[in-house]
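As a plain string of letters, each chain reads:
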Amino acid sequence: MTDLIEETTHPEPMPDPEPAGGWTGALRRRIFEAMPPEQLLPDTQPSYVASWIYVFGVLSLTAFLTVVGTGTVLAVKGATWWHVSGTGHFVNSLHLWSVELFMTFMSVHLIAKFFMAAWRGKRALTWITGVIALGASAFTALTGYLIQQNFDSQWIATQAKDGLNSIGVGAYFNTMDFGQMLIWHVALLPLVVAVVVALHILLVRRRGVVPPLALRDAASSSGLPASGLPDSGLPDSAEEVEA
Amino acid sequence: MSRRRPHAEPDPYTFGSRPYDLVKEFVIALVAVVVLTVVLAAAFSSPDVKPMTIAAWANNDPGDFTTTALAELDGSSTTAGYGPPYNSAAAGQQLGPLHIARMAGVTHPIDTVDAFVMKPLDSVPQNPEVTAAISTWKAASDEQQGTWTGSYSTALGKAGGDPTKVAAGGYGPVPLMLAQLLNQAQAGSLEGQLMSENGFYHSDYTLPLMFLADGSDLAAEAQTQHLAGTQWGMMNEVNNFPGQPWLAPYTFWYQISPYKTSGNGDALVWGTMGVVGAVLVLLPFIPGLRSVPRVIPVYRLIWRDHYRRQKQAAEV
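Note that the structure is a prediction, hence the values are computed from the model and not measured.

Peer 1: For the overall build of chain A, give the residues involved together with the corresponding values.
Peer 2: Secondary structure summary: chain A contains ten helices and one strand in total. Each helix and strand of chain A, placed in order from N terminus to C terminus, yields the pattern α-α-α-β-α-α-α-α-α-α-α. For chain A, long-range pairs separated by at least 24 residues make up 70% of all intrachain contacts whose partners lie at least 6 apart in sequence. If you sum the accessible surface of chain A, you get close to 11400 Å²; carbon and sulfur atoms cover 68% of it.

Peer 1: Go over the domain arrangement of chain B, please, and point to the residues and values.
Peer 2: Per the domain assignment, the segments of chain B are domain 1 (54-225) and domain 2 (247-315). Taken over C-alpha atoms, the centre of domain 1 of chain B sits 46 Å from the centre of domain 2 of chain B.

Peer 1: Please give an account of the pattern of salt bridges that cites residues and values.
Peer 2: Per the stated rule, a full pass over the model turns up three salt bridges over all chains. Here A:Asp162 and A:Lys161 are joined by a salt bridge, their closest N and O atoms 3.0 Å apart. For B:Asp305, the salt bridge is made with B:Arg308, and the minimal N-O distance between the two is 2.8 Å. You can see B:Asp305 and its partner B:Arg308 sitting in helix α16 (residues 304-315), three residues apart, about one turn around the helix. The class for B:Asp305 is partly exposed, based on a relative accessible area of 27%. B:Arg308 gets classed as partly exposed once you look at its relative accessible area, which sits at 44%.

Peer 1: Just give me the short version of the interface of chain A and chain B, but keep the residues and values in it.
Peer 2: The partner chain B presents 101 residues to the 112 residues of chain A that form the contact. Here chain A packs against chain B, burying approximately 9500 Å² in sum over the two surfaces, 66% of which is carbon and sulfur. Looking at the side of chain A facing chain B, the largest losses of area belong to A:Trp97, A:Phe151 and A:Trp155, adding up to 9% of the total buried there. Connecting chain A to chain B are 32 residue pairs in polar contact (both at pLDDT 80 or more). Where the side of chain A that touches chain B is concerned, the elements lending two or more residues are β1 (44-46), α4 (55-77), α5 (81-84), α6 (86-115), α7 (124-146), α8 (151-166), α9 (178-207) and α10 (216-222) of chain A. Tallying contributions element by element places α6(A) first for the side of chain A that touches chain B, with 17 residues. Looking at the side of chain A that touches chain B residue by residue, the class counts come to 64 nonpolar, 31 polar and 17 charged. Sheet analysis places β1(A) next to strand β1 (residues 17-19) of chain B, joined by three bridges and oriented antiparallel. Looking at β1(B), one finds that A:Thr44 is bridged to B:Pro19.

Peer 1: Tell me about the confidence of the model for chain B, and please be specific about residues and values.
Peer 2: Residues and elements named next belong to chain B. For chain B, per-residue confidence averages 92 on the pLDDT scale, and 97% of positions sit at 70 or higher. Low pLDDT (under 50) marks residues 1-5, which in the prediction has six contacts with non-local residues, meaning those over four places away or in another chain. Across the interfaces of the predicted complex, the ipTM metric reaches 0.91, alongside a pTM of 0.88.

Peer 1: Lay out the side chain of B:Gln180 in plain terms, naming residues and giving numbers.
Peer 2: Here B:Gln180 shows up in helix α8 (residues 174-186). Among all residues touching B:Gln180, those that are not within four sequence positions of it are B:Leu121, B:Gln126 and B:Val130.

Peer 1: Can you lay out the packing of helix α3 (residues 62-74) of chain B against helix α7 (residues 142-158) of chain B for me, pointing to particular residues and giving the numbers?
Peer 2: Residue and element names in this part refer to chain B. In the contact formed by α3 and α7, the axes pass within 10 Å of each other and the chain directions differ by 155°. With respect to α7, the element α3 is oriented roughly antiparallel. The handedness of the crossing between α3 and α7 comes out as left-handed. Mapping the contact onto sequence places Thr66, Thr67, Leu70, Leu73 and Asp74 in α3 and Thr149, Tyr152, Ser153 and Leu156 in α7. A breakdown of the residues in the contact of α3 with α7 according to their chemical character gives four nonpolar, four polar and one charged.

Peer 1: Can you lay out unusual backbone geometry for me, pointing to particular residues and giving the numbers?
Peer 2: Negative phi values dominate among residues other than glycine, just as trans dominates among peptide bonds. All names here are of chain B. Each neighbour pair has its own omega, and for proline 84 with proline 85 the value is 10°, a cis peptide bond. Note that proline 85 resides in the loop between α3 and α4 (100-104). A cis amide bond links serine 257 to the next residue, proline 258, at an omega of 5°. With respect to the helices and strands, the residue proline 258 is situated in the loop between α12 (248-251) and α13 (265-281). Even without being glycine, asparagine 239 reaches a positive phi, approximately 55°. Inspection of the secondary structure assignment puts asparagine 239 in the loop between α11 (217-224) and α12.

Parameters and conventions
- Residues numbered from 1 in each chain as written.
- Chains lettered and ligands numbered in written order.
- Predicted model: local features only at pLDDT ≥ 70, side-chain atom pairs only at ≥ 80, totals over all residues.
- Heavy atoms only, no water.
- Helix = DSSP H or I, 4+ residues; strand = E, 2+ residues; numbered from the N terminus.
- Contact = heavy atoms within 4.5 Å.
- Areas by Shrake-Rupley, 256 points an atom, 1.4 Å probe, with all protein chains shown as cover.
- Domains from an automatic or database assignment.
- Salt bridge = Lys/Arg side-chain N within 4 Å of Asp/Glu carboxyl O.
- Buried < 20%, exposed > 50% of the residue type's maximum accessible area, 1.4 Å probe, protein only.
- Buried area = accessible area lost by both parts, 1.4 Å probe.
- Polar contact = N/O pair within 3.5 Å; in protein donor to acceptor, adjacent residues only side chain to side chain.
- Nonpolar A, V, L, I, M, F, W, Y, C, P; charged D, E, K, R; others polar.
- Pairing = 2+ DSSP bridges.
- pLDDT = per-residue confidence, 0-100.
- Axes fitted to C-alpha atoms, helices over the stretch in contact; angles between N-to-C directions.
- Parallel < 35°, antiparallel > 145°, perpendicular 65-115°, else oblique.
- Left-handed = near helix turned anticlockwise from the far one by under 90°.

Right, here's the structure in full:
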């Protein structure tokens, strides 16, 4: 009994318990630390997010999903379906116009983010993934035009090859090889765009929407601190950016 | 002139927050985009101009077909002199000191004599006269073949490209071979013969497209459809449909010198686009350029409500 009391009173130092769940648990904790659910799906947003220009982000995403949806129907029915079926032609029209909307929305979104200097505050990777998404989407669209199986695709294939051949890419990426272009268009490039877009959205959710640029001229002319509201706290000319 | 200290990243929510239903916004946007897409598709449809076939080309313009086939036979066609990745007839374009095309090598070899003329002729049973002509051609020396094709090319030119009006002369088996190739093309079998050179399964249209592109009619039709390079090229679409306007920053360079006049124009355009792309990607790290948004006050419009609240708070 005495031994027990002594043990209770003066316990031996215990080693730290191993984190629960092993590698899986560690990955789960890492994910939740980086992206808590309330940050991934917020039900509030900063008050400065109050312009119609912000709509172009979600419009780009929904247009992308529309492109994928209509493209999936065309892929399921086969490459020649839309040439011989009225329904197929309409689905092709849906695909075309959703692509036009997608590229338009994304371009407006990118231009707007440029004027916001949206790379400030460790948001450089968000900007970079956005630019890559636009470039990859343009390349995906090009392969779509190449697999139309009509005069347009004939002409574009014979023209685009010259540019690609001039820099050696044509040796491995043959615009006149319908089979190769079909695979690139329906599998490889959409996967690239989807991954980059997903990464872009996760970065947006993690870093939050970039705060407004500070009106330093107004503050200095009045001799007052900026206001009762906080300044952006970010360099106006974006000196400190980190990927 | 003091160097500014690094700023700590503020929490965006320190600016105040307001309720926001992200899922609702997403659903509304999705419905709006789908409805807009359906309206545009129903109103404007999509273009589908049928492809130009070799049969149509050969029937509509037998002179151009024959002239092109002769160019494939005598090695003067665009494809014959292209260089990598089709052959070694030229070095290919270069970007400064870099011969990138040549470094990539000949990965899609095309011997225009074999691919466009001899193999199609050999692929079907021919009458004795044509068979003899093919044998004569194969047995002749390169010099003799060159003499025949040269003479026929001159005569065809004098006849305005019409093979039926070529004066008799010492052209060897060339007229008969090309006439038979024209017959096969007009009958619609040449496309299949060119495709079958790659085996049973066909998905590579390189040979028929290169043959078509060596002729004049494909480019003429493209000109009619305002798709030519001087008309901002492949960013356009047939008729008045929107094509790929996002390619305008690429096709723009082809409209100005030195890109449109240089023999290395394509490589120069891609080199320029590489630099432009890199600048755009790395914009956050480029001093000066990354400060441009501060100079152009579009941001004042975007965040005008925020600045108004700031001003009101300061006045209070």
